[in-house]
Amino acid sequence: MSKLSRPNIFQFMLLALISLSLIPALLLAQKRIQVEGKSRNVSLIMDEKALSEQADSLGISSFELAERYRPLGLEGIALYEETLESLAAKGDILLLPSTSLASQLIAQGMDSLAVSQMIAENSSYVSEVVPETLNATLAKNYPQAERLEIAGRIWYRYPGDAKQRPAGLRAQDLKLWQDAGWLIAYRPRNYANLQIINSDFPAVPYLIHASTDVTGHPDSLEAIIQVSQRYVTGVIEGTPQDGMDKIIAKIPNSRLFSINQDWLNTLLPEVVVDKYILAANERGARLLYVRPYTKEKMGNMIDNTEKLF
């Protein structure tokens, strides 16, 4: 048997060295593949307010339009907490500034002097049309509303302009989406002196704070930490929310990527898709928060939304 020549020995040693050096690289590649494989396990969630705006242009409900997009990949819906203003717009309550209520009472024949003594200036008056609609508002908004009976109707008075006071989630809306099997993210609001009440938060998978600050900031952060344990909280990329830095290490959370509505309306669907894929694969976003097109700057808004999905 002939011996290996000197050049062959060197080649053998070089190949062996290269092979050995590949082992940690292959292990690293395997780990990266596993991580990147997991990064594609994301939830696609649609903003219900923006969806409603698009649905209005078709004369249908946001639920009906969501069902149209569902076969294309949409699986979740983000439901915002109501305000007194939005409940009034839906006909669930009456919401009147003090001047409007006083004018109505006088028009109904009540003495103007009696009205002026009964109705406080610079106030908002709220009354239920649908029973128990105001339960959440009355429980968590401080100072407590003053309860009054005026012309045979129960009214609640809040000082100042109360339109944006948080009012919970409509039970019928939650039931509609849940019964249809939609993945739901709840978007609670914040307000001065707001009290955190556990029963006010629905049983859904995700929590995405709707205000520029975390619900309960600054005085009730410990309470929101406790409530948040049963959710995955979306941490919005590029949009700091006051108080999030104080709670993020204490709650289950996930990076959330979204595109501003005005910016979205100026982008082609394929450009939007690239941004979402990059956020998921490179920056670890697990919640992809999508808005539909609401303007036709780039073409038909429905067609573009379908292309996006």
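Placed above this text is the structure.
Residues numbered from 1 in each chain as written. Predicted model: local features only at pLDDT ≥ 70, side-chain atom pairs only at ≥ 80, totals over all residues. Heavy atoms only, no water.

*Asks:* Help me out: how do you make sense of the overall build of the protein in this one?
*Replies:* Helix and strand content of the protein: 13 helices and 11 strands. With 309 residues in all, the protein has 43% of them scored as buried. The long-range fraction of contacts in the protein, counting pairs at least 24 apart against all pairs at least 6 apart in sequence, stands at 68%. Total accessible area computed for the protein in this model is approximately 16,800 Å², and 55% of it derives from carbon and sulfur atoms. (Helix = DSSP H or I, 4+ residues; strand = E, 2+ residues; numbered from the N terminus. Buried < 20%, exposed > 50% of the residue type's maximum accessible area, 1.4 Å probe, protein only. Contact = heavy atoms within 4.5 Å. Areas by Shrake-Rupley, 256 points an atom, 1.4 Å probe, with all protein chains shown as cover.)

*Asks:* Would you mind going over the pairing of strand β4 (residues 123-128) with me for this structure?
*Replies:* The side chains of a regular strand alternate, first on one face of the sheet and then on the other. Extensive coverage of β4 is indicated by the burial of five of its six residues. Sheet analysis places strand β3 (residues 93-97) next to β4, joined by five bridges and oriented antiparallel. For Pro97, the partnering residue across the bridge sits in β4 and is Ser124. (Pairing = 2+ DSSP bridges.)

*Asks:* When you look at the nonpolar core in this model, what are you seeing that I'm missing?
*Replies:* Among the nonpolar cores identified, the biggest contains 46 residues, and Ile77, Trp177, Phe201, Ile224, Ile247, Val272 and Phe309 are the most heavily contacted of them. Discounting chain neighbours no more than four positions away, the residues touching Ile77 are Ile45, Met46, Glu48, Leu51, Trp177, Trp182, Leu183, Ile184 and Ala185. Ranked by size, the runner-up nonpolar core spans 12 residues in total, among them Leu87, Ile93, Ala145 and Ala167. (Core = buried A, V, L, I, M, F, W, Y, C linked by side-chain atoms within 4.5 Å.)

*Asks:* How should I be thinking about the packing of helix α2 (residues 48-58) against helix α3 (residues 62-69) in this particular structure?
*Replies:* Working note: a packed helix pair is described by the angle between its axes plus the distance between those axes. With their axes 8 Å apart at the nearest point, α2 and α3 run at an angle of 95° to one another. Overall, the two elements α2 and α3 adopt an arrangement that is roughly perpendicular. Contact residues: Glu48, Leu51, Ser52, Gln54, Ala55 and Leu58 in α2; Ser62, Leu65, Ala66 and Tyr69 in α3. Its residues assigned to classes, the contact of α2 with α3 comprises six nonpolar, three polar and one charged. (Axes fitted to C-alpha atoms, helices over the stretch in contact; angles between N-to-C directions. Parallel < 35°, antiparallel > 145°, perpendicular 65-115°, else oblique. Nonpolar A, V, L, I, M, F, W, Y, C, P; charged D, E, K, R; others polar.)

*Asks:* Is there a simple way to think about the sheet that holds β3 in this case?
*Replies:* Strand pairing in a sheet relies on backbone hydrogen bonds. The paired strands run either parallel or antiparallel. Spatial ordering of the open sheet is given by β3-β4-β6-β5, a layout of four strands whose pairing is antiparallel. Two strands bound the open sheet, and with one partner strand each, they are β3 and β5 (146-150). Neighbour to neighbour, the strand axes of the sheet diverge by 30° on average, direction disregarded. Sheet strands touched by helix α5 (residues 98-107): β3, β4, β5 and β6 (153-159). Its angle to β3, the strand with the most contacts, is close to 100°.

*Asks:* Help me understand the sheet that holds strand β9 (residues 232-236) in this model?
*Replies:* Around the barrel, seven strands lie side by side as β1-β2-β7-β8-β9-β10-β11; this closed barrel has parallel pairing. Each of β1 (43-47) and β2 (76-80) is contacted by α2, which is oriented at about 60° to β1, the strand it contacts most.

*Asks:* Got a minute to help me understand the packing of helix α12 (residues 269-282) against helix α13 (residues 301-308) in this structure?
*Replies:* Packing of α12 against α13 leaves a shortest axis separation of 9 Å and a crossing angle of 35°. Between α12 and α13 the crossing geometry is right-handed. Within the contact between the two elements, α12 uses Pro269, Val272 and Val273 and α13 uses Asn304, Lys307 and Leu308. (Left-handed = near helix turned anticlockwise from the far one by under 90°.)

*Asks:* Before we go on, may I ask you to explain empty space enclosed by the protein in this structure?
*Replies:* To find the voids left in a structure, one rolls a probe of water-molecule size over its atoms. Here the structure, examined in full by the defined rule, presents one cavity of 30 Å³ or more. Estimates place the volume of the largest cavity at around 60 Å³. Residue lining of the largest cavity: Glu81, Lys140, Tyr186, Pro188, Arg189, Leu194, Gln195, Ile196, Ile197, Asp200, Phe201 and Thr215, and that is the complete set. (1 Å grid on protein atoms, 1.4 Å probe; cavity = no way out; pocket = protein on both sides within 12 Å on 5 of 7 lines; lining within 4 Å. Points joined across faces, edges and corners; volume = space filled by probe spheres on them.)

*Asks:* I'm lost on the pattern of salt bridges in this one. Help?
*Replies:* Side-chain pairing between opposite charges can occur once the charged atoms of the two side chains come close. Counted under the stated rule, the structure contains 14 salt bridges. Of the charged contacts in the structure, one is a salt bridge between Arg68 and Glu306, with a shortest N-O distance of 3.1 Å. Taken together, the residues Arg68 in helix α3 and Glu306 in helix α13 connect sequence positions 238 residues apart. According to the relative accessible area criterion, Glu306 is partly exposed, its value standing at 28%. (Salt bridge = Lys/Arg side-chain N within 4 Å of Asp/Glu carboxyl O.)

*Asks:* Where do I start with the environment of Val214 in this structure?
*Replies:* Position of Val214 among the secondary structure elements: in the loop between β8 (206-207) and α9 (221-227). Separated by 33 residues in sequence, Val214 and Ile247 have C-alpha atoms that sit 9.1 Å apart.

*Asks:* Just checking my understanding: could you explain unusual backbone geometry for this structure?
*Replies:* As a rule of thumb, non-glycine residues mostly have phi less than zero, and peptide bonds are mostly trans rather than cis. The linkage connecting Tyr142 with the following residue, Pro143, adopts the cis geometry, with an omega of 5°. Relative to the helices and strands, Pro143 resides in the loop between α7 (135-140) and β5. Cis geometry is found at the peptide bond from His217 to Pro218, where omega equals 5°. Relative to the elements of secondary structure, Pro218 occurs in the loop between β8 and α9.

*Asks:* In this structure, what is going on with α5? I would like to understand it.
*Replies:* The periodicity of an α-helix, 3.6 residues per turn, causes residues three or four positions apart to be oriented the same way. Taken together, the buried positions of α5 are occupied by Ser98, Leu101, Ala102 and Leu105. Projection of α5 onto a plane perpendicular to its axis shows the buried side chains occupying an angular sector of 100°, all on one side. Across α5 from its buried face, at more than 90 degrees, point the exposed residues Thr99 and Ala107. On its buried side, α5 packs onto β3, α6 (112-118), β4, β5 and β6. Of the residues trailing α5, Gly109 is marked for its positive phi of about 105°. (Arc of directions from axis to C-beta.)

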